[in-house]
Every structure is written in C-alpha cells, then in structure tokens.
Amino acid sequence: MSDTRDAAGELRRRGFLRGAALGVGTVGAVAGAGAATAALTGPSAHAATPAPAATPVAAQDAPFHGEHQAGIIRPVQQATAFLAFDVTAADRRELTELLHTVTDRARFLTAGGTPQALGITAPPSDSGTLGPQVPRDGLSVTVGAGASLFDDRFGLKDRKPLRLKAMPAFEDDDLDPAWCHGDLSLQLSAPHQDTVLHALRDIARHTRGGMQVRWRLDGFTSPPRPSGTPRNHLGFKDGTGNPDVGDPATAGKLLWVGDGAEPAWTTGGTYQVVRLIRMLVEFWDRVSITEQERMFGRAKDTGAPLDGSREFDTPQFAQDPMGDVIPLDSHIRKANPRTADTAGSRLLRRGYNYDRGMDGNGNLDVGLIFVCYQQDLERQFETVQKRLAGEPLVDYITPFGGGYFFALPGVRDRGDWLGRSLLA
Amino acid sequence: MSAESDTEPASPAAAPEPEPIAEADGEPGGIAAASPTTRSLTRRRVAPAAGAVVAVAAAVTAAVLAGGGGGHGGDSADGKGATATQAADGLPHTAIDVSTGGCGRGWGHPHAGTQVFDLHNSGSAASEVYLSDPKSGKLYGELEGLAPGTTRQMLVDLGSGTYAFKCLPEDTDAVTGPSVTVPGHQPQGAATLPVTQHDLIPPTLAYQQWIGARMGDLARGTGTLKADIDRGDLAAAKRDWLSAHLVYERMGAAYGTFGDADGAINGTAARTPGAVDDASFAGFHRVEYGLWHGQPAAALKAPAAELDKNVGALRDGWSQARMDPAEMGLRAHEIIENTEQFELTGRTDYGSGTNLATARANLDGTREILSLLRPLLTPRDPALPRLDSAVERLQHDLDAAGHGDAWTPLDRLGRAQREQINADTGDLLEQLAPVAAIFDVRRTA
Ligand code: HEM
C-alpha cells in the first residue's frame, strides 16, 4: 500500500483484515445474505431484458467517415492500445499539419490497401508487419484533446470545451504524474494485436516531430467465458450495464455534446475519460466468493444481478431498500442507482483489461483501462466516481493514471480532418 | 557512440542489426566490400556467397516452373490483354522479361497508377533491373540481384510519361529496353537520379581530408588529457576529457574506416557487474568512468596514456586509410541513429552526464557529411529543405541543454525538454532515412 494513500484508506484496509481475523461471525453474516440472494433469485427473477448489443466484442467494420468518430459507439474489440501524447509541434500551423497527418494515416489504416510505392527514394513506406497489403481489419482510431492543448501554445484558449480540465485526483487515487494527462489521446482498437501495433507504428512514424508518447497502455478483451459479456481480471463480467447508445435519443441525452453552452466546434464530439486502474488480483483471489459478489452486486458465474438469474436481468433496487440482497454500497448500486434522479449520470463504458508484467513485490501487474464517454464530465463521470468513493472494491484496486480528453467530432468525408472545426 | 566497439559482443548494444531479406540474397559487387566489422555497412552490403546464391536460385526456379510460373498473363482478369493481369493483391500485374536480348519485353499495355511488374530473369546471369525515365535518367523502381530463372515483383506508382526497363546483368554491360509511354495526365510517382560510386569519390576524398584535419585536434586533446592526469589535475582532466571526446564524436562517419581502433578509443563496457574493471575496457569511456567515480590520478595514468597512444596511431595511419564511398550516405543517416540508440538512452554515459554534448557533436558530424553530399543531394531529394530545418531544430534544442562546458545530464531534463529532443531526433531520422536510400550506390552502365 502506498504511503500517499489517505488515512481513511489505511484504516479501512486494516479494518477489513481485522474483520477477517474475527472470522466466523462475519462470514456467518455474509452467508446469511447469500442465502437471501438465493431465495430472491428463484421464481421471482425479473424478466430478462434483451442484451443491448448482441455481440459485445466487435468484429464488424465501422466506416471511418461520419459525424462521430467510429471507435466511440463501437463495442470493444479484442485488442487495443491507449496512448496519451504531448504535442511537440511548435505552433498552430504545425498542430494543424499534425492533425491532418493523423487523419490521413487513420483513413488509410482503417480502409487498408497497398502502401505507397516510393521506389528508390526512401525505405519502404510501410513496416510490412501485416504483409504487403494492409488488410482492412476493423481498426478504429479515436483521437481526443486534453485540457493542456488549450493553453497558450496554439492560441486555443477560448476554444476549450466547457467542462474540459485536467483529471483531478479522487479520494482513492494514487496518481503517478508520468501516467496522467496529455495534450492528445489516441486509442487504436482492432480484432488483432498486430493490426493495432502496425497502426501505432505507422502513426508514430509519420508524426515523430509533432507529438511524443507521454504514456501508453495496451489492453485486450477476453472471449466470452463461457458466454455473454467478457470478464475482467477479477473474474466478473464487465460491460453489462451500459446505456443503449444505438438509440439516437439516448445518445443525444447521454453521449454527444450538443449543449448550447459548449463552443460550436465541439458538436459531434464527446468527453472521454480514461482511468488506469491497477487490480490487486492476488489479494482479490484471497477473498471469499460471497464477499466478492457483494462488492459488485452481481453473481460471479452468470454476471446476473444478485436479485436476478441471468446476466441482463435488471436489478430491482426499489424492492430491496435496505440492501439485503444487493448491498447499498455495492459497485453497481453506487455506480447506477437506477432512479429517475440518477438517470442523467449514466455513461458509456468501453473498458479493456491490461497486463503489463510483474511488480517489484512479485505480483501480477494487471488491471483495467477504464474508458468512458459522456456528454458532461461533471454530471456523469465525476458524479458516478464520487458516488463510488469508499466503496468496498477500493481496497482491491489502485487508480494510478489516466486523463480527461475531448473526443473530437468525426471526420465527415475525404476533405475533412480531425480537429478541423477546432482549428480551421 | 560506437556500438561496434562494445567490449562484450553479446551485450544488447552490440547486437547485429537485422538484414532486410530482400537484399540479403546476393548483390553484385559494384563497389569494394566493406569490412565485416562495420556494422552499418554489413547491414546493406552483404558480401554474396556466390555459390550459395546460385544454388538457391536454381531451387527457386524449379519451384516457379513447377508451379506454373510461366502462366503470368495467362488469365486476363481485367481484359487488358495478355500482359496485364489482376492478382490476389488487387493490383494490375505485368510480366516483364529480364535478359540481354529481351530486356523489358512484355509491357504491352502501359497504364498509370500503382502496379506490379513481375520481373522474370530468363538470362543466365543474375541481373539488376531498373525502371527508368530514359530522358532524365531518374529511377522509378529497382530490383537488385534477380537470379537467373526467378521471378520477383517490382511495385511502382507510375504517372504519365515515358519509361524503359534497364537490365544490368552481372559482369555485362547494361541493356536498356524499349521506351514505353504511359498516356494521360497523371502525376508521376516518386523517382530520383541514381548515385554511382564515381559520383561519390569527390565528397569521400573531401571527407577523408576533413577527418585528417581533425586528427591533429584529437591528438592534441588526448595529449592534454594525459598531461592533466599525469600532473594529478583531475578538474582540468574532466574539462579536457570532454573537449577531446567531442572532437572524436564529430568524426562519426569515419568510424567504419577506423576499424578496431574505434573500439580501443571509444568502446563501452558490458552491463555485467565488474565489466568496468575489466582490463579490456579502454579509451575515452574508461577514463570518463574513472574521472567521474573518484578514481585517483594514479589509477588513470595508464588508461589515459593508452588512449593517447591509440589516438596517435590512428592519426599517423590516417593518410593511408581509404574510406569506402558507399559509407557516405549510410553514415549521413546512421550517425544520428547511433545518437538516438546510445546517447539519448544514456547507454554510453560513464558518469560525465554529457550525452547531450555528444549528441550535439554527432549532429556536427552529420552536418559536415551532408554539406559534402549536398551537391548530389540537391537535385535528388526534394525534401532537402525539410531535412535542413530538422537539423536546425535539433541543434537549437540541444544547444538549450548546454551551458558552455556544462551540459544537462539526460535524467535532469524536464519532461517537455526531453520530449522535444526526442521529437526532433525522431523527425530528423525520418528525414535522413531517404538520404541513405538515395545514396545506395548504383550501377548505371
Ligand atoms: C477496476 C475498477 C473497476 C472494476 C473492476 C469494475 C467492475 C465492474 C463490474 C464487474 C460491473 C458489473 C457489470 C457491468 O455492468 O459491467 C461494473 C459496472 C459498472 N461500473 Fe465498474 N468497475 C470499475 C471501475 C469503475 C469506475 C471507475 C466507474 C465510473 C466512475 C465504474 C462505473 C460502472 C458503471 C456505471 C457500471 C454499470 C452499473 C449499471 O448500470 O448497472 N466502474 N463495474
């Protein structure tokens, strides 16, 4: 446990360990709750709501051109790389050139084709890691702007999206500055890791002078085990409860920026939050199943809410006002209380698992690249994050990085480019 | 910055560079083969083991024939006639003959755009093949070492204009095939004039002279350093170490010609514990290690004397040295590759924290070689102004880290400054890579 952790965190963890030592009483109480769950999930199980997106892992193509960037709505793919860049371009003209270049590369890489033939004038234009022809492999390229892009360097101060700012440290965070923020975000997702890496190599090669990687974390989505939404490193299905942004009315309310108070150029964009969250999986594996399930409010095997029997059953918090079945401080209950008051705080999650080797103490360095999109940072992400403050789960996770970005409006056609409405 | 002189061959810094496969299978010896210790040159100039190449070639021929390789142009998917077919790659393919008698035969239906020529060597000798503009002499594509009986692809992007294939069989005069005109008003693809060994002789001689002139400075520098240490004045030694080392670091394009002397003068130690105490660790970095790790003058006398002696020998022998002209273009690019790999990572820091000063000296060396190549480069590289501004930018940002003799150590750079230097270096390297490609020595006759 890091020494920058707040006192409350220290206390709570010690509190937990003490509870475990006390033993039987606690376990008995938990077991009692488990029995209650079983009782509820029997005949009275709620009617299953249809799975929002039939295939949680995207295999299909999404066109590069459009009103919005394709990678936002699109379900998670098997492989991803999330990067934050610092812009090294000297001025606004160079920044414009940089975004033109990123757009051109993204357009080619998402469409695939034959790399440019340069004859004897240069080394090959493509790394060739995908073969002589770049396949169209469902790649999506999503670009966002961080608050620091709107400082004095590029004359964009008066254009900052209304709610964009540097991501603050929340109560349970242990942020490492080297893993936070950035002028630009770039997420590359595809069905195959080689496609992601090929795209990253290509984009970096074409933009070396204009931007430098500040941090990078690669992620993946597991196959459904055995079915439904893929699981995270804690063994729980992750991504079940998401608003149906395929419905334009929902997307208009929760996702796309279109508020009159926002600068006009932001139309078609959305706020992107990324949180790099380490999971203490060894610790987690030493926690009883009941305890684990009560932390989330869902069953580990099926992913069903503890008051339901199937993954997409809707939890009925109103029928469980004391939290006997789904604890009041469980993750899903805090994250989305499902009341009329909290409906506006829902957000679109697009998280990925990460694995970056081992830690100095011999533990696995794995976790979640939590990515979410919303119309309003404060009304949605920050509200949810604050509701989650102090939830039991925080003892098993450490948010160490990430940032706030504004995912740029889409590239409408061949003449358009990322950031045109911002810079032109 | 001398990777090739690392005292432990197995260390990462000395790992051999990968060889592009396409170039590894044989290359006619148009120029003197480089010394095998010259890392960068070996990369491109693999001395062909002629017998082996022929054997492989024969095997490939058999496979091509057995697989119906003669069927190029047989099935006309796009109706363009017998010589242009659509292949699995979605590109138009045209089968072209490479031989003394039929060079370029088969190009019946010229058209603009990205396309593939399937070049088949029906002659009896390995051949180079160029696609050129016969009037300007610019090359649009090349294939080196096409073995007899084999078929390989040449991908090109052609605009409207006149083209001809040129076949250059080993040991035989070049043959230019018929001129073919691509109709219409399409802009032309990337092309440039080839550079011959002959073209490179004047700048190579001039560079050799330039190095010769630096040799005096270098020998004076290591002499002063030795005298400081002999006197026991370690403060002066630190200062004089830096200036002597920077003289050496400006000579980057000549290291290949220095051969083993480079290892003795500027070698690094392995990363393994104790390697810095090994007797084989010698030269500038050995002295640096001692000076910046509190070693007494007495312990540094021998290394400083040995360094001075080796530098003296290098200077005395230089008038006999002959640089390979093929090194010029490669070094113009790769000096900065080495800077990025060994200086900007701190790999070569033995305590002085002067990697950025070294980087700056390397950049001076690159500037010198570029200035000598400039007359050849100007008509060949339309991106030269971008290259120039990339050099300027890196120089400017490196200079910001230097304050006279005091240079900011890498780990003391602020994040923004570090990112800027990385960006400048990366951008410069992208601009330098075409220089090496353009200066790949080519036959023209
Ligand atoms: C490592 C950290 C986290 C883990 C392991 C985690 C895991 C889960 C799991 C297993 C679920 C239930 C299944 C599902 O609906 O997807 C869930 C739901 C959810 N989580 Fe998280 N989560 C984490 C962090 C966060 C953060 C930082 C937020 C937002 C601030 C968040 C917001 C939500 C929301 C909104 C739901 C859906 C609730 C619903 O609509 O029922 N989670 N999370």
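Residues numbered from 1 in each chain as written. Chains lettered and ligands numbered in written order. Predicted model: local features only at pLDDT ≥ 70, side-chain atom pairs only at ≥ 80, totals over all residues. Heavy atoms only, no water.

Summing up the model confidence of chain A, the mean pLDDT is 88 and the portion of residues at 70 or higher is 86%. Across residues 1–59 of chain A, confidence stays below pLDDT 50; counting only partners more than four residues off in sequence or on other chains, it has 75 contacts. (pLDDT = per-residue confidence, 0-100. Contact = heavy atoms within 4.5 Å.)

In terms of backbone geometry, most residues other than glycine have negative phi values and most peptide bonds are trans. Residue and element names in this part refer to chain A. With an omega dihedral of -5 degrees, the bond running from R225 to P226 counts as a cis peptide bond. Looking at the element boundaries, P226 is found in the loop between β4 (211–220) and α6 (248–254). Within the chain, R338 stands out as a residue other than glycine whose phi angle is a positive 60 degrees. By the secondary structure assignment, R338 is in the loop between α9 (331–335) and β6 (348–349). Take R338: its relative accessible area is 39%, and that puts it in the partly exposed class. (Helix = DSSP H or I, 4+ residues; strand = E, 2+ residues; numbered from the N terminus. Buried < 20%, exposed > 50% of the residue type's maximum accessible area, 1.4 Å probe, protein only.)

Two cysteines form a disulfide when their sulfur atoms are joined by a covalent bond. Here the structure, examined in full by the defined rule, presents one disulfide over all chains. In this model, B:C103 is linked to B:C167 through a disulfide, with the two sulfur atoms separated by 2.0 Å. Negative torsions about the S-S bond denote left-handed disulfides, and the value of about 90 degrees found for B:C103 with B:C167 makes this one right-handed. A residue pair is termed long-range when its members are at least 10 positions apart, and B:C103 in the loop between β2 (92–98) and β3 (113–121) and B:C167 in strand β7 (residues 161–169) qualify at 64 residues. As far as the burial class goes, B:C103 and B:C167 line up, both buried. You can see A:C180 has no disulfide; the closest cysteine sulfur is in A:C372, sitting 15 Å from it. (Disulfide = S-S within 2.5 Å.)

Residue and element names in this part refer to chain B. As enumerated under the stated definition, the model contains 29 aromatic pairs over all chains in all. Measuring from centroid to centroid gives 5.9 Å for Y248 and F258, while their planes differ by 40 degrees, and the two rings are tilted. With Y248 in helix α5 (residues 234–249) and F258 in helix α6 (residues 255–258), this pair connects stretches of sequence that are 10 residues apart. Among the residues examined, Y248 registers a relative accessible area of 0% and is labelled buried. (Phe/Tyr/Trp six-rings, centres within 6.5 Å; stacked < 30°, edge-to-face > 60°.)

Looking now at the packing of helix α8 (residues 284–291) of chain B against helix α9 (residues 297–317) of chain B. Helix packing for two helices is described by the angle between their axes and how far apart those axes are. Residues and elements named next belong to chain B. Two elements in contact, α8 and α9, have axes whose closest approach is 9 Å; the angle formed by their N-to-C orientations is 155 degrees. In terms of orientation, α8 lies roughly antiparallel with respect to α9. Seen along the crossing, α8 lies across α9 with a hand that is left-handed. Between α8 and α9, the contacting residues are F284, R286, V287, G290 and L291 on the first element and A299, L300, P303, A304 and L307 on the second. Residues that form the contact of α8 with α9 fall into these classes: eight nonpolar, one polar and one charged. (Axes fitted to C-alpha atoms, helices over the stretch in contact; angles between N-to-C directions. Parallel < 35°, antiparallel > 145°, perpendicular 65-115°, else oblique. Left-handed = near helix turned anticlockwise from the far one by under 90°. Nonpolar A, V, L, I, M, F, W, Y, C, P; charged D, E, K, R; others polar.)

All names here are of chain B. Among the structural elements, D388 can be located in helix α12 (residues 384–399). Residue D388 is classed as partly exposed on the basis of its relative accessible area, which comes to 24%. Between the C-alpha atoms of D388 and R367, which are 21 residues apart in sequence, the distance is 9.2 Å.

So, on to the UniProt feature "domain: Dyp-type peroxidase N-terminal" (unreviewed entry) in chain A. UniProt feature "domain: Dyp-type peroxidase N-terminal" (unreviewed entry): in the numbering of this structure it lies at residues 69–220 of chain A. Overall, residues 69–220 of chain A shows 25% helix and 22% strand. The separation of its end C-alpha atoms is 20 Å. (UniProt positions renumbered as here; feature names shortened; annotations may be inferred.)

The protein supplies the iron atom of the ligand with one donor atom, A:H331 (NE2), which lies at 2.0 Å. One can find A:H331 in helix α9. (Donors = N, O, S within 2.8 Å, 3.2 Å for Na, K, Ca; no water.)

Residue and element names in this part refer to chain A. Of all nine residues in strand β1 (residues 79–87), nine are buried; the element is thus mostly enclosed. Residues A79, A81, L83, F85 and V87 line one face of β1 and the alternating positions T80, F82, A84 and D86 line the opposite face, and both faces are buried. Where β1 meets strand β3 (residues 184–190), seven bridges bridge the pair, whose relative direction is antiparallel. Across the sheet, residue A81 finds its bridge partner in β3, namely L188. In this sheet, β4 lies alongside β1 in antiparallel orientation, the contact comprising nine bridges. Residue pairing for β4: A81 is matched across the bridge by D218. (Pairing = 2+ DSSP bridges.)

What follows deals with the environment of A:F236. All names here are of chain A. Residue placement: F236 occurs in the loop between β4 and α6. By relative accessible area, which is 3% here, F236 ends up buried. For F236 and K300, which are 64 residues apart along the polypeptide, the C-alpha to C-alpha distance reads 5.3 Å. Other than its neighbours up to four places away in sequence, F236 contacts P230, R231, W284, Q292, E293, F296, R298, A299 and K300.

Here we take up the UniProt feature "domain: Dyp-type peroxidase C-terminal" (unreviewed entry) in chain A. Look at the UniProt record and you will see "domain: Dyp-type peroxidase C-terminal" (unreviewed entry) annotated at residues 229–411 of chain A. Structurally, residues 229–411 of chain A is divided into 19% helix and 22% strand, and its ends, taken at the C-alpha atoms, are 30 Å apart.

Before going further, it helps to spend a moment on the site of the ligand. Residue and element names in this part refer to chain A. Close to the ligand lie 25 residues, the nearest being G239, T240, G241, H331 and R349. One of the backbone nitrogen or oxygen atoms of G241 is found 2.7 Å away from an oxygen atom of the ligand. R338 is positioned with one of its side-chain polar atoms (N or O) 2.8 Å from an oxygen atom of the ligand. Of all the elements, helix α10 (residues 378–388) adds the most residues to the shell around the ligand, at four residues. Of the residues contributing to the shell around the ligand, the split by class is 13 nonpolar, seven polar and five charged. (Near = heavy atom within 4 Å. Polar contact = N/O pair within 3.5 Å; in protein donor to acceptor, adjacent residues only side chain to side chain.)

We now examine the interface of chain A and chain B. How big an interface is tends to be stated in terms of the accessible area lost upon association of its parts. At the interface, 22 residues of chain A touch 27 residues of chain B. Counting the surface lost from both chain A and chain B, the interface buries some 1,900 Å², and carbon and sulfur atoms represent 57% of this. A per-residue breakdown of the area chain A buries against chain B is headed by A:A117, A:I120 and A:T121, which together make up 35% of the total. For the interface between chain A and chain B, the tally reads four salt bridges. The salt bridge involving B:E430 is made with A:R205; its shortest N-O contact spans 3.6 Å. Summed over the shared surface of chain A and chain B, the result is four residue pairs in polar contact (both at pLDDT 80 or more). Counting residues per element, the side of chain A that touches chain B draws most heavily on β4(A), which supplies three residues. By residue class, the composition of the side of chain A that touches chain B is 10 nonpolar, seven polar and five charged. (Buried area = accessible area lost by both parts, 1.4 Å probe. Salt bridge = Lys/Arg side-chain N within 4 Å of Asp/Glu carboxyl O.)

The subject of this paragraph is the side chain of B:E343. All names here are of chain B. Residue placement: E343 occurs in helix α10 (residues 327–343). The side chain of E343 is buried and forms no salt bridge, while R347, the nearest opposite charge, is found at 9.8 Å. One polar contact links E343 to N355, side chain to side chain, over a distance of 2.7 Å. (Lys, Arg positive; Asp, Glu negative; His and termini not counted.)

Turning next to the packing of helix α11 (residues 355–377) of chain B against helix α13 (residues 415–438) of chain B. Residues and elements named next belong to chain B. Packing of α11 against α13 brings their axes to within 13 Å, and their N-to-C directions diverge by 30 degrees. Between α11 and α13, the crossing angle belongs to the class labelled roughly parallel. Considering how the two elements wind past one another, α11 and α13 form a crossing that is left-handed. The segment α11 lies against α13, with L356, L363, T366, L370 and L377 engaging I421, L428, L432 and V435. Here the contact of α11 with α13 is composed, by residue class, of eight nonpolar, one polar and no charged.

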